[in-house]
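Report on the structure
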Amino acid sequence: MLRLENITKIYATDLVLKNITWEVKKGEKIGLVGSNGSGKTTQFKIITGEEEQTSGSVIKESNLKISYLKQEFDINLNNTVREELCSAFVDIQLISQQIKQLEIKMSKDLDSTDKAGLNNLVYKIGALQRDFESLGGYQIQAEVDKILPKLGFSPSESYDLVSNFSCGWQMKIALGKIMLLKPDLILLDEPTNHLDLDTINWLEQYLLTLKTSMILISHDRYFLDKLCQKIIFIDDGTAYTYNGNYSFFVQQKLLNEQSQNKAYQLQQKEIEIQKK
């Protein structure tokens, strides 16, 4: 589905990532872990194209739809919940605005003697309406109605302002916008930050039901343990893959460190013997 191949990222003289290689397959839920500043969010930005890698390749399936839930939710607090969910469909909303603008212009020009101009407006509106329909514009409200109860909102609450809701509920709205787009891959950057326990439990259960591939950055070990079947550990700019949940990763990492330490001690003993 998606593969990072020998990705290196350098900021000025700071080497953040060096020859990073890992992949996500269809249906996988992966935890991307490492210390703060290890380059986890940088990898998300490289995947989405917000930043360019210094070298290496991002290999994607054709027409792969990627959605990104950032730490700072991409929401307009002045919209109603329904308006904000509808705003996920950027192309459809743009066409809708263009249609409204042309309809206003046409209503003002109805008494005009410029019949050719009016006919041209009618033609433009018709073309835009066909685009609107082909993109699924007439199904938007139905899709929003379908997802509202999954997010925990009642029909009446959909007309309340986003600003009326807590951080946890605003996260649900941001996540709802992503799910309405039916992505193939979801990137979640610290999704449990600032959430209460009930909302974290809701998010965990919601994500568990999804068949969509996802990559999670989180410091919540319990959350990662429940959701992820693979862990990508970033250490000193290098990626290490562990095929198991977070508990498996911790155990295996400890065993690896013990093995390396034992090998080092044996090596030191051999050096001391050779010196005698």
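The structure presented is a predicted model; accordingly, all values stated were derived computationally and were not measured. (Residues numbered from 1 in each chain as written. Predicted model: local features only at pLDDT ≥ 70, side-chain atom pairs only at ≥ 80, totals over all residues. Heavy atoms only, no water.)

**Observations concerning the pattern of salt bridges**
What the rule picks out here adds up to 11 salt bridges. Between Lys 9 and Glu 51 there is a salt bridge, with the nearest N and O atoms lying 3.8 Å from each other. You can see Lys 9 sitting in strand β1 (residues 2-11) and its partner Glu 51 sitting in the loop between α1 (40-48) and β4 (55-60), a full 42 residues away along the chain. By relative accessible area, which is 10% here, Lys 9 ends up buried. Across the salt bridge formed by Glu 28 and Lys 230, the nearest N and O atoms sit 3.3 Å from each other. Highlighted residues: Glu 28 in the loop between β2 (14-24) and β3 (29-34) and Lys 230 in strand β8 (residues 230-235), separated in sequence by 202 residues. Here the two residues Glu 28 and Lys 230 agree in accessibility, since each one is buried. (Salt bridge = Lys/Arg side-chain N within 4 Å of Asp/Glu carboxyl O. Helix = DSSP H or I, 4+ residues; strand = E, 2+ residues; numbered from the N terminus. Buried < 20%, exposed > 50% of the residue type's maximum accessible area, 1.4 Å probe, protein only.)

**A few points about the packing of helix α5 (residues 140-151) against helix α6 (residues 167-180)**
Two elements in contact, α5 and α6, have axes separated by 10 Å at closest approach and are oriented at 140 degrees. The orientation of α5 with respect to α6, classified from their angle, is oblique. The element α5 and its partner α6 pack so that their crossing is right-handed. Along the contact surface, α5 presents Glu 143, Val 144, Ile 147 and Leu 151, while α6 presents Trp 169, Lys 172, Gly 176, Met 179 and Leu 180. (Axes fitted to C-alpha atoms, helices over the stretch in contact; angles between N-to-C directions. Parallel < 35°, antiparallel > 145°, perpendicular 65-115°, else oblique. Left-handed = near helix turned anticlockwise from the far one by under 90°. Contact = heavy atoms within 4.5 Å.)

**Brief notes about the packing of aromatic side chains**
Summed over all chains, the structure comprises 10 aromatic pairs. Plain terms: the ring middles of Phe 153 and Phe 165 are 5.3 Å apart, the flat faces sit at 80 degrees to each other, and that makes the pair edge-to-face. Taken as a pair, Phe 153 in the loop between α5 and α6 and Phe 165 in the loop between α5 and α6 lie far apart in primary sequence, 12 residues in all. For the pair formed by Phe 153 and Phe 165, the shared burial category is buried. Ring geometry for Trp 202 against Tyr 206: centres 5.1 Å apart, planes inclined by 15 degrees, an arrangement best described as stacked. Of this pair, Trp 202 and Tyr 206 are both found in helix α7 (residues 197-209), four residues apart, which corresponds to roughly one turn of the helix. In this structure, Lys 172 packs its charged tip against the face of Trp 169, placed 3.8 Å from the ring centre. Its end group placed over the ring of Trp 202, Lys 172 keeps NZ or CZ at 4.5 Å from the ring centre. (Phe/Tyr/Trp six-rings, centres within 6.5 Å; stacked < 30°, edge-to-face > 60°. Lys NZ or Arg CZ within 6 Å of the ring centre and 35° of its normal.)

**What to know about the nonpolar core**
Judged by nonpolar contacts, the single largest core of 51 residues is most densely connected at Leu 85, Leu 175, Met 179, Leu 203, Tyr 206, Leu 207 and Leu 216. Ranked by residues supplied to this core, first place goes to α6 with seven residues. Setting aside residues up to four positions removed in sequence, Leu 85 forms contacts with Val 144, Ile 147, Leu 148, Leu 151, Ile 173, Gly 176, Lys 177 and Leu 180. Ranked by size, the runner-up nonpolar core spans 23 residues in total, among them Ile 7, Val 24, Ile 46 and Ala 239. (Core = buried A, V, L, I, M, F, W, Y, C linked by side-chain atoms within 4.5 Å.)

Remember that the coordinates give geometry; whether it matters functionally is a separate question.
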